[in-house]
Each structure stands twice: as structure tokens, then as C-alpha cells.
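Letter by letter, the chains look like this.
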Amino acid sequence: MIYSLIHKLGTPDSNKVDTPYIPGQIEGNESLLASVPPNLVQSIRAFRVAELQEEAARLGQHFLYAHCIAGATKQQVLGIISESFQFPKGVGKNFDGLRTTLTETMYQAGAQTGFLIVLEQLPNTQKFDKEARETLLDVFRDAADYWADKKVPFRVFYSFE
């Protein structure tokens, strides 16, 4: 936010006058995620998926994306996430399997630079209700805590249908 304001207004010693602010434009080493803690799970809010993907690439981090609206049950939502993230078959069976894959399995795969994850359009159905969504997000919160201990960024952004 401060970056946006400074960029738009300029600084007293800058030679530029009335430089227009262009959303998503990043100069130098300034990060789109500068104001976002490195390990968290939060609503996607004003972020755009394409900008997050670009930022992950710029930072050399893994970008994992799942569009979950087609899932009506816990099993289907987990299956969509597992398939979208290209996890091994069987990971999408339960929350514990997903938690293990997001933590221990990824850790054992070698040094990691960071993760930027988007879970878009989490469904609201009778068989995937508020409690199931919160349990799923808790799995990702546990993973964020796990990676925080290892000093590896793990950011998860989500939206609901």
C-alpha cells in the first residue's frame, strides 16, 4: 500500500512527475507480497491469480493452483487438489494424507525455496460444508506452521464459491 502511494505520487527528490500507478507492476526487488507474512493462510481478497503466479515465478517459488468448485464432497475436493498439484495417487483420500504430503513428503523431496498456493472457489455443498472447509484450511495452516519452522515461505490464498 505504501509502495503504491509512493509510486503514484513520487518522492520529493524524484525527477518523475505524476507517474501512473499500474496494478501488478513491480519495480526492482519490491515484492507484491511485501506486506504478506511468509507463512499464512488467508482469503485471496484483492490479489489476482495471474499476479500471484508471476510473483511466485519471480521469487523462484512453487506455484500450486486448484479450482475446486466442481467438488461436491470432501473426497472430490481433495481429489481436485491432489490432481491439480500433481500429487501421487491416493493423497486425495483424506485430510491426513494431504497434510503429510504438504509437509513431510515435500520436505523429503529436497531443499525448497517456497510455496505460493491458491485454492479457488472452495465449494459450499451439503457434503462439503463450512466445517469441512475449515478442516481443509486447518490442514494448510498446519503445513504453513511446519514450513515456518524450516524458514520456508508457504502462503495459501483461498476463495469460496
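Procedures and definitions
Residues numbered from 1 in each chain as written. Predicted model: local features only at pLDDT ≥ 70, side-chain atom pairs only at ≥ 80, totals over all residues. Heavy atoms only, no water. Helix = DSSP H or I, 4+ residues; strand = E, 2+ residues; numbered from the N terminus. Buried < 20%, exposed > 50% of the residue type's maximum accessible area, 1.4 Å probe, protein only. Areas by Shrake-Rupley, 256 points an atom, 1.4 Å probe, with all protein chains shown as cover. Salt bridge = Lys/Arg side-chain N within 4 Å of Asp/Glu carboxyl O. Axes fitted to C-alpha atoms, helices over the stretch in contact; angles between N-to-C directions. Parallel < 35°, antiparallel > 145°, perpendicular 65-115°, else oblique. Left-handed = near helix turned anticlockwise from the far one by under 90°. Contact = heavy atoms within 4.5 Å. Core = buried A, V, L, I, M, F, W, Y, C linked by side-chain atoms within 4.5 Å.

## Describing the overall build of the protein chain
So, point 1. Helix and strand content of the protein chain: five helices and four strands.
So, point 2. In sequence order, the secondary structure elements of the protein chain are arranged as α-β-α-β-α-α-β-α-β.
So, point 3. Buried positions account for 38% of the 161 residues belonging to the protein chain.
So, point 4. Surface exposure of the protein chain reaches about 9500 Å², of which carbon and sulfur atoms provide 51%.

## Overview of the pattern of salt bridges
So, point 1. In the structure shown here, the tally under the stated rule is five salt bridges.
So, point 2. Taking the shortest distance from any N to any O, the salt bridge between Arg-99 and Asp-96 comes out at 2.9 Å. Separated by three residues within a single helix, Arg-99 and Asp-96 lie in helix H4 (residues 95-108), roughly one turn from each other.
So, point 3. Given a relative accessible area of 51%, Asp-96 falls into the exposed group.

## A few points about the environment of Phe-157
So, point 1. Tracing the backbone shows Phe-157 in strand E4 (residues 154-160).
So, point 2. Overall, Phe-157 belongs to the buried group, its relative accessible area being 0%.
So, point 3. Spatially, the C-alpha atoms of Phe-157 and Leu-40 are 8.4 Å apart, while their sequence positions differ by 117 residues.

## Looking at the packing of H4 against helix H5 (residues 130-149)
Relative placement of two packed helices is described by the angle separating their axes and the distance separating the axes.
So, point 1. For the pair H4 and H5, interaxial distance at closest approach is 10 Å and the crossing angle is 15°. Between H4 and H5, the angle falls in the class roughly parallel. Both H4 and H5 take part in a crossing whose hand is right-handed. Listed contacts from H5 to Phe-95, Leu-98, Arg-99, Leu-102, Thr-103, Glu-104, Met-106 and Tyr-107 of H4 are Ala-132, Thr-135, Leu-136, Val-139, Phe-140, Asp-142, Ala-143, Tyr-146 and Trp-147.

## Overview of the nonpolar core
So, point 1. Counting residues in hydrophobic clusters, the biggest one holds 32 residues, and the most contacted among them are Ile-81, Leu-119, Leu-136, Phe-140 and Phe-154.
So, point 2. For this core, the secondary-structure elements that each account for two or more residues are strand E2 (62-67), helix H3 (74-84), H4, strand E3 (115-122), H5 and E4.
So, point 3. The greatest single-element share of this core, amounting to eight residues, is contributed by H5.
So, point 4. Not counting residues up to four positions away in its chain, the partners in contact with Phe-154 are Pro-38, Asn-39, Leu-40, Leu-102, Phe-115, Ile-117, Phe-140, Ala-143, Ala-144 and Trp-147.
So, point 5. Counting residues in each nonpolar core, the second largest holds 10 residues, with Leu-40, Phe-47, Leu-116 and Val-118 among its members.

## A closer look at the side chain of Gln-42
So, point 1. Within the element layout of this structure, Gln-42 appears in strand E1 (residues 39-43).
So, point 2. Residue classification places Gln-42 among the buried residues on the basis of a relative accessible area of 13%.
So, point 3. The contact partners of Gln-42, leaving out residues within four places of it in the chain, are Phe-47, Val-156, Phe-157 and Tyr-158.

## Describing unusual backbone geometry
So, point 1. One non-glycine residue, Gln-86, lies in the positive phi region at around 60°.
So, point 2. Tracing the backbone shows Gln-86 in the loop between H3 and H4.
So, point 3. For Gln-86, a relative accessible area of 71% gives the class exposed.
So, point 4. For Lys-151, which is not a glycine, the phi torsion comes out positive at approximately 60°.
So, point 5. Classification of Lys-151 by relative accessible area gives exposed; the value is 72%.

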